[in-house]
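Below are the chains, spelled out letter by letter.
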Amino acid sequence: MNPDLHATAEALDAADPLRPHRDLFVGARTPLVYFDGNSLGRPLAATVGRLERFVRDEWGGRLIRGWDESWMDLPFAIGDEIGRVALGAAPGQTVIGDSTTVMLYKLIRAAFDAQAARDPGRVEIVIGTDDFPTDRYIVEGIAAERGGRVHWIEVDRAEGVTTEQIAGAVGEKTAVVVVSHVAYRSAHLADARGITEVARAAGALTVWDLCHSAGAVPIHADRWGFDIAVGCTYKYLGGGPGSPAFAYVAHRHHETLVQPIPGWMGTADVFSMGPHHAPAAGMRRFLSGTPPILGMLAMEDTLALIGDVGIDAIREKSVELTTFALEVVDEELAPLGVHVASPADAAARGGHVTLGHPLMRQATAALWRHDVIPDYRDPEGLRIGLAPLSTSFTETLTGLLTVRDTLVRLTPTA
Ligand SMILES: Cc1ncc(COP(=O)(O)O)c(C=O)c1O
Ligand SMILES: Nc1ccccc1C(=O)C[C@H](N)C(=O)O
């Protein structure tokens, strides 16, 4: 192997201004290689104490009084913080609630209905064929439920939806365009500003899935003119397994969008318990039931860290990590037949890279047994997620060399 790679990894770590932050994460000092922070982020050590204090002092001490004293506002307070540090969103446009799947359903349907009310000819929802399954299934479900239809954009697995493809798909029949900012499989980074503009020019509303970009890639939701966006909080935002989604809705749409699960927590006066649902003004109208408070506590620590470090510095390290990873792949894994199923251009790539090889399914199982944790996506993709705050360059090198050695071991000798 090329001995320079070790020296390069060490030099990159030594020069990395984010390097000290890695030690703030639980387990970061163990030899385990974690390549899945884009699926479930590592917890911060500070979160252990935060959760313990919450159970003891707030839940245990304040009991039901906690709702009046602070919990009712938490979805909006933490939502605004996500907006500030990760979305480029002014306050009052971001809320936390539901799962990503449910929030996507509520807002895509609200957008579809608002468009149909304005112009009954707008019946199409545009989405790529390789979007994350939940997005595709929801879009199909809403089309079936509301008498609409899906306009599929054919997308290559190693790519993502381009502005040109969106421009070719939208027109007077388009109600809503659903796009992932960073494609879950390839990490292709969509031109969020360009696509939003092209869709708006055609009279369509855009719903962004920010699951794989929030906390890793700078987003300027207000400046780019976003209509609606939804994302996971358990990836780069550190909310923990199953933490609730965030939703962004631009101020200008608050009054016109009617979401389909009109629960009591979305009403103007929650405890008036009136005879009929009267939607609240602002983001509260997009809530349905009781906010999952325990699920939104952990992300406060990660959001504070993202706010301190700054999303631009995070992106800078992310680009260096994926660039270094691809250099290692080129030298050490390509000779084994591994191909890169992610954009070669760093500017068109999010925070992970996907590597293809027919043995990747078996390799993943072997890697997990050896404490190297990537994930596997059919048909033959090994996803290497490189969370900039908790991943080092030497960890990246160690993990990729273990992938190489595992493939060598699994390759049948002639
Ligand atoms: C791009 C994308 N969209 C949607 C989801 C679905 O989120 P959830 O399972 O939390 O509803 C995920 C991850 O699971 C995802 O990666
Ligand atoms: N929520 C999960 C639960 C279990 C296992 C994985 C996930 C993921 O988040 C996968 C991720 N969304 C992906 O891009 O594949």
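As the structure is a prediction and not an experimental result, all values here were calculated from the model.

Cut-offs applied
Residues numbered from 1 in each chain as written. Chains lettered and ligands numbered in written order. Predicted model: local features only at pLDDT ≥ 70, side-chain atom pairs only at ≥ 80, totals over all residues. Heavy atoms only, no water. Phe/Tyr/Trp six-rings, centres within 6.5 Å; stacked < 30°, edge-to-face > 60°. Buried < 20%, exposed > 50% of the residue type's maximum accessible area, 1.4 Å probe, protein only. Helix = DSSP H or I, 4+ residues; strand = E, 2+ residues; numbered from the N terminus. Near = heavy atom within 4 Å. Polar contact = N/O pair within 3.5 Å; in protein donor to acceptor, adjacent residues only side chain to side chain. Areas by Shrake-Rupley, 256 points an atom, 1.4 Å probe, with all protein chains shown as cover. Nonpolar A, V, L, I, M, F, W, Y, C, P; charged D, E, K, R; others polar. Domains from an automatic or database assignment. Contact = heavy atoms within 4.5 Å. Buried area = accessible area lost by both parts, 1.4 Å probe. Pairing = 2+ DSSP bridges. Axes fitted to C-alpha atoms, helices over the stretch in contact; angles between N-to-C directions.

### Remarks on the packing of aromatic side chains
In step 1: Following the criterion strictly, the structure yields eight aromatic pairs and no others.
In step 2: Between Trp67 and Trp71, the ring centres sit 5.3 Å apart and the planes meet at 85°, which makes this aromatic pair edge-to-face.
In step 3: Assessed through its relative accessible area of 19%, Trp67 is described here as buried.
In step 4: Since its relative accessible area comes to 6%, Trp71 is described here as buried.
In step 5: Between Phe132 and Tyr184, the aromatic rings sit 5.0 Å apart at their centres with planes inclined by 90°, giving edge-to-face as the arrangement. Highlighted residues: Phe132 in the loop between β3 (124-128) and α7 (133-146) and Tyr184 in the loop between β5 (174-180) and α9 (192-201), separated in sequence by 52 residues.
In step 6: Taking the relative accessible area as the measure of exposure, Phe132 reaches 35% and is therefore partly exposed.
In step 7: In this structure an aromatic cluster arises from ring pairing among Trp208, Trp224, Phe226 and Tyr248.

### So, the site of ligand 1
In step 1: Every residue lining ligand 1 is accounted for by Ser99, Thr100, Thr101, Phe132, Thr134, Asp135, Asp209, Cys211, His212, Cys232, Tyr234 and Lys235.
In step 2: Contacts to ligand 1 include Asp135, whose side-chain N or O atom sits 3.3 Å from a nitrogen atom.
In step 3: His212 places a side-chain nitrogen or oxygen 3.0 Å from an oxygen atom of ligand 1.
In step 4: Bound to the protein, ligand 1 loses 84% of the 390 Å² it would expose on its own.
In step 5: Listed by contribution, the elements that provide at least two residues to the shell around ligand 1 are α6 (100-118) and α7.
In step 6: Tallied by class, the residues present in the shell around ligand 1 amount to four nonpolar, five polar and three charged.

### Here's the deal with the domain arrangement of the protein
In step 1: What the domain assignment lists for the protein is domain 1 (3-45 + 310-410) and domain 2 (70-306).
In step 2: Measuring from the centre of the C-alpha atoms in domain 1 to the corresponding centre in domain 2 gives 29 Å.
In step 3: With 32 residues of domain 1 at the interface, the matching set in domain 2 holds 25 residues.
In step 4: Here domain 1 meets domain 2 over a buried area of about 2300 Å², counting both sides, of which 62% is carbon and sulfur.

### Considerations on the sheet that holds strand β7 (residues 228-231)
In step 1: The sheet built from seven strands is open, its strands ordered β2-β8-β7-β6-β5-β3-β4 with mixed pairing. The sheet is open, and its two borders are formed by β2 (94-97) and β4 (149-153), each paired with just one other strand. On average, each strand axis in the sheet is tilted by 20° relative to the strand beside it, whichever way the strands run.
In step 2: Bridging between strand β6 (residues 205-209) and β7 involves three bridges; their strand directions are parallel. By the bridge assignment, Trp208 is partnered in β7 with Ala229.
In step 3: Running at roughly 125° to β2, helix α5 (residues 74-87) makes contact with β2 and β8 (245-249) of the sheet.
In step 4: Contacts from α9 reach β5 and β6, with the element oriented near 155° to β6.

### Comments concerning the pairing of β4
In step 1: One ladder, built from five bridges, connects β3 with β4; its direction is parallel. Among the inter-strand pairings, Gly128 is bridged to a residue of β4, identified as Ile153.

### Quick word on the environment of Ala187
In step 1: Along the chain, Ala187 falls in the loop between β5 and α9.
In step 2: As for Ala187 and Trp368, which are separated by 181 residues in sequence, their C-alpha atoms are 22 Å apart.
In step 3: If we ignore the near neighbours within four places in the chain, the residues touching Ala187 are Val182, Ser342, Pro343, Ala348, Arg349, Gly350 and His352.

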